[in-house]
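Residue strings, one per chain:
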2 protein chains.
Amino acid sequence: MTFTYDDVYINFYSTVGGPYEKDGPLGKNLDKVYTNLYAGEKTWEQAEVKMLSDSIDVVLKKSRKDSSDIDLLISGDLLNQVTASSYSALKFNIPFFGIYGACSSSVEGIILMSSLIDGKKVKNGIVSVSSHNMSSEKQFRNPTEYGAPKPKTATFTSTGGASVLLSNQKGKIRVESSTIGKVVDMDQTDPFNMGGAMACSAGDTIYKHLKDMKRSINDYDLILTGDLGRYGKEILIDYMKEEYKIELGKNYDDSGTMLYDLNKQEEVLAGASGPLCIAMVSYSDILPKLEKGVFKRVLLVATGALFSPTFVYQHKPIYSISHAVSLEVNK
Amino acid sequence: MTFTYDDVYINFYSTVGGPYEKDGPLGKNLDKVYTNLYAGEKTWEQAEVKMLSDSIDVVLKKSRKDSSDIDLLISGDLLNQVTASSYSALKFNIPFFGIYGACSSSVEGIILMSSLIDGKKVKNGIVSVSSHNMSSEKQFRNPTEYGAPKPKTATFTSTGGASVLLSNQKGKIRVESSTIGKVVDMDQTDPFNMGGAMACSAGDTIYKHLKDMKRSINDYDLILTGDLGRYGKEILIDYMKEEYKIELGKNYDDSGTMLYDLNKQEEVLAGASGPLCIAMVSYSDILPKLEKGVFKRVLLVATGALFSPTFVYQHKPIYSISHAVSLEVNK
């Protein structure tokens, strides 16, 4: 399903990160960083709420808007019951919708909000996401205190919050079109290889987007997937070549390989993941480059592994889904 | 935030229930029932996937449409990682968005889909929800094998799936307007009194809706909340009177008190709950009455308790949110 939009713009965006993100190559671009994973709170979950709330605070400040100027907040995260989002929403007193697309949530939110703005239902809307390394490890894998070793295909959930303010107010970055993905089953059962579970889903959504928009891969200055990581990225390159005869070249990158320095920050293994990953890379690196004219048009392809520990215990494969949004410099 | 719609209709809907729903006063209206909570599957979670999938199958059959005719599936449920929804989505190969609004998910989905149809982005869309008594008890409370007694304010999570097909094709039931709620904190920390946590949130959304639409409570033949239960319903009636000077009279009811026979089915305590509750009561009782002209206009107010066991362990209150949608007979 591909939508096109007339007057939807991204004018303000914000990123709030933790210590690993601060030490990464994009650290200096972040709006706010915490040097401790607790961010001054007593638990990791409350730290995640804090960082997500902070990112909303920052985007409101940048836009010089008050929360009462915002018609709708759409937010998603990995915590069970999407609590980082709903507990942040209380603070701002904005009409709220919670979404869950795992690590594809940022683009799911942008597609929904852009459609509401394009349909003249909403004038100003904020889309937020968060993730937290420790709250995720605790919930999805093992307590880190166990010190369980991980394979090199494992990714490292990024920590922080990111928000974007979409509106019908003309600005430099236009949300131009979007493609909603379908759930894909790669028969992947290894919770330490999310990149492998998600790569083909990203490929299918990219192909569908190009077909619906009657474009080639070279109509984009950048195709940015997130969060496939080092190995998932290679799988996607191979898959696009074999399945669709499409060569992903220099204009392709994966946000999972960009948020951290994969050579120096060895603990991140195959790279960054989490709903925050593609949002943080986009809002701290890609959107500024669109504003400066370095890029004219980019395709953000957020990849979500619909990973449920309960379903894995029941020997079910990990499904995945990817959604894409095309952003371009407004002429 | 209140939206109005021009050409959005509900022409088909479906309900699939379990043994308790079958034995309830609306049992004979359900499209399909399973007499066993496993629904032929090996686990409760897979049974929930089955029932949600079944409800999509039934609504497709009723509409004589194929899944390829459906532009978008929006679905939500209570399972961690919204897995009943995403695992059902695979089977139908429809572009998919997962949402999480706890027991307010059905109306969250209807609002989003109606807005996409009204904005001419989608022609035919399905909105689904599910819940399962045992998968919920296991995830949110105690293993039922412990036999822990519950207070009478506790509600009973309903079991099954429900789907609705929204489209721009003129039909008898028109989606006329909707109001998106805000997150509310009643400082409620008792996970066995969801009705108490949600009642005021329902009241605030009803008040906002009436104000935005410049209507009185008597402009509706029925205001149906879900899933406050026996005691939450009384709290809402008192709250509306005290806070807003609005008398909820004979045209008010709560779906939590309608799905089961509260006198005979004693195990349900204060009544039914779960995202399925208001959807099942609406699609098996209220929408048929709109089609027959018994009601001319109804307001469905889905109430969600944003209950996270992790946050309760961390001594955080249970927040809540309610969304409303107004349906009327198309003239």
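Residues numbered from 1 in each chain as written. Chains lettered and ligands numbered in written order. Predicted model: local features only at pLDDT ≥ 70, side-chain atom pairs only at ≥ 80, totals over all residues. Heavy atoms only, no water.

So, on to the overall build of chain A. Tallying secondary structure elements over chain A gives nine helices and 15 strands in all. Relative to the 2.2 N^0.38 estimate, which gives 20 Å for 331 residues, the radius of gyration of chain A is 18 Å and therefore close to what a compact globule would have. The burial tally for chain A puts 70% of its 331 residues in the buried class. Considering only contacts in chain A between residues 6 or more positions apart, those separated by 24 or more positions represent 77%. Approximately 11500 Å² of chain A is accessible, and the part contributed by carbon and sulfur atoms is 48%. When the 37 basic and 40 acidic side-chain charges of chain A are each reduced to a single mean position, those positions are 5 Å apart. (Helix = DSSP H or I, 4+ residues; strand = E, 2+ residues; numbered from the N terminus. Rg over C-alpha atoms; globule rule 2.2 N^0.38 Å. Buried < 20%, exposed > 50% of the residue type's maximum accessible area, 1.4 Å probe, protein only. Contact = heavy atoms within 4.5 Å. Areas by Shrake-Rupley, 256 points an atom, 1.4 Å probe, with all protein chains shown as cover. Lys, Arg positive; Asp, Glu negative; His and termini not counted. Charge placed at Lys NZ, Arg CZ, Asp CG, Glu CD.)

Here the focus is the relation of the copies chain A and chain B. Two chain copies, one operation linking them: a rotation about an axis together with a shift along it. With an RMSD of 0.0 Å, the operation that places chain A on chain B is a rotation of 180 degrees combined with a shift of 0.0 Å along the axis. Such a turn and shift between the copies fits a two-fold axis. Most of the interface of chain A is mirrored in chain B, where 100% of its interface residues again form contacts. (Least-squares fit on C-alpha atoms with pLDDT ≥ 70 in both.)

The subject of this paragraph is the environment of Met258 of chain A. Note on placement: Met258 of chain A falls in the loop between β12 (252-254) and β13 (272-273). Residues in contact with Met258 of chain A, not counting those within four places in the same chain, are Pro25, Leu26, Leu224, Asp253, Val281, Asp285 and Ile286 of chain A.

A separate point is unusual backbone geometry. Residue and element names in this part refer to chain A. Gly226 connects to Asp227 through a cis peptide bond whose omega is 5 degrees. Of note in this structure, Asp187 is not a glycine but carries a positive phi near 55 degrees. Relative to the assigned elements, Asp187 resides in the loop between β10 (184-185) and α6 (194-212).

Next up on the list: the pairing of strand β8 (residues 160-167) of chain A. Residues and elements named next belong to chain A. Burial analysis of β8 places eight of its eight residues in the buried class, which makes it a mostly covered element. Covered by surrounding structure in β8 are Gly160, Ala162, Val164 and Leu166 together with Gly161, Ser163, Leu165 and Ser167, the residues of both alternating faces. Inspection of the sheet shows strand β2 (residues 9-17) paired to β8 by eight bridges, in the antiparallel sense. Within β8, the residue paired with Phe12 across the bridge is Leu165. Here strand β6 (residues 124-131) pairs with β8 via eight bridges, running antiparallel. From the neighbouring strand, Val127 faces β8, where its bridge partner is Val164. (Pairing = 2+ DSSP bridges.)

All names here are of chain B. Running from N to C, helix α2 (residues 44-63) and helix α3 (residues 83-92) cross one another at 45 degrees; their axes reach a closest spacing of 8 Å. Viewed along their axes, α2 and α3 adopt a mutual orientation that is oblique. Like other packed secondary-structure pairs, α2 and α3 cross with a definite hand, here right-handed. Where α2 approaches α3, its residues Glu48, Val49, Leu52, Ser53, Ile56, Asp57 and Leu60 are matched on the opposing element by Thr83, Ala84, Ser85, Tyr87, Ser88, Lys91 and Phe92. Class assignment of the residues belonging to the contact of α2 with α3 gives a composition of seven nonpolar, four polar and three charged. (Axes fitted to C-alpha atoms, helices over the stretch in contact; angles between N-to-C directions. Parallel < 35°, antiparallel > 145°, perpendicular 65-115°, else oblique. Left-handed = near helix turned anticlockwise from the far one by under 90°. Nonpolar A, V, L, I, M, F, W, Y, C, P; charged D, E, K, R; others polar.)

Before going further, it helps to spend a moment on the pattern of salt bridges. Throughout the structure, instances matching the rule amount to 30 salt bridges over all chains. With a closest N to O distance of 2.8 Å, Glu137 of chain A and Lys150 of chain A form a salt bridge. Placement of the pair is Glu137 of chain A in helix α5 (residues 133-140) and Lys150 of chain A in the loop between α5 and β7 (156-157), with a sequence separation of 13 residues. Of the charged contacts in the structure, one is a salt bridge between Lys138 of chain B and Glu45 of chain B, with a shortest N-O distance of 2.8 Å. Of this pair, Lys138 of chain B sits in helix α5 (residues 133-140) while Glu45 of chain B sits in helix α2, and the two are 93 residues apart along the sequence. Judged by its relative accessible area of 3%, Glu45 of chain B is buried. (Salt bridge = Lys/Arg side-chain N within 4 Å of Asp/Glu carboxyl O.)

Turning our attention to the pairing of strand β14 (residues 297-306) of chain A. Residues and elements named next belong to chain A. Counted residue by residue, β14 has 10 buried out of 10 residues, so it is predominantly covered. Both faces of β14 are covered, namely the face carrying Arg297, Leu299, Val301, Thr303 and Ala305 and the face carrying Val298, Leu300, Ala302, Gly304 and Leu306. Direction of pairing for β14 relative to strand β15 (residues 319-329): antiparallel, over a ladder of 10 bridges. Paired with Val298 across the two strands is Leu327, which belongs to β15.

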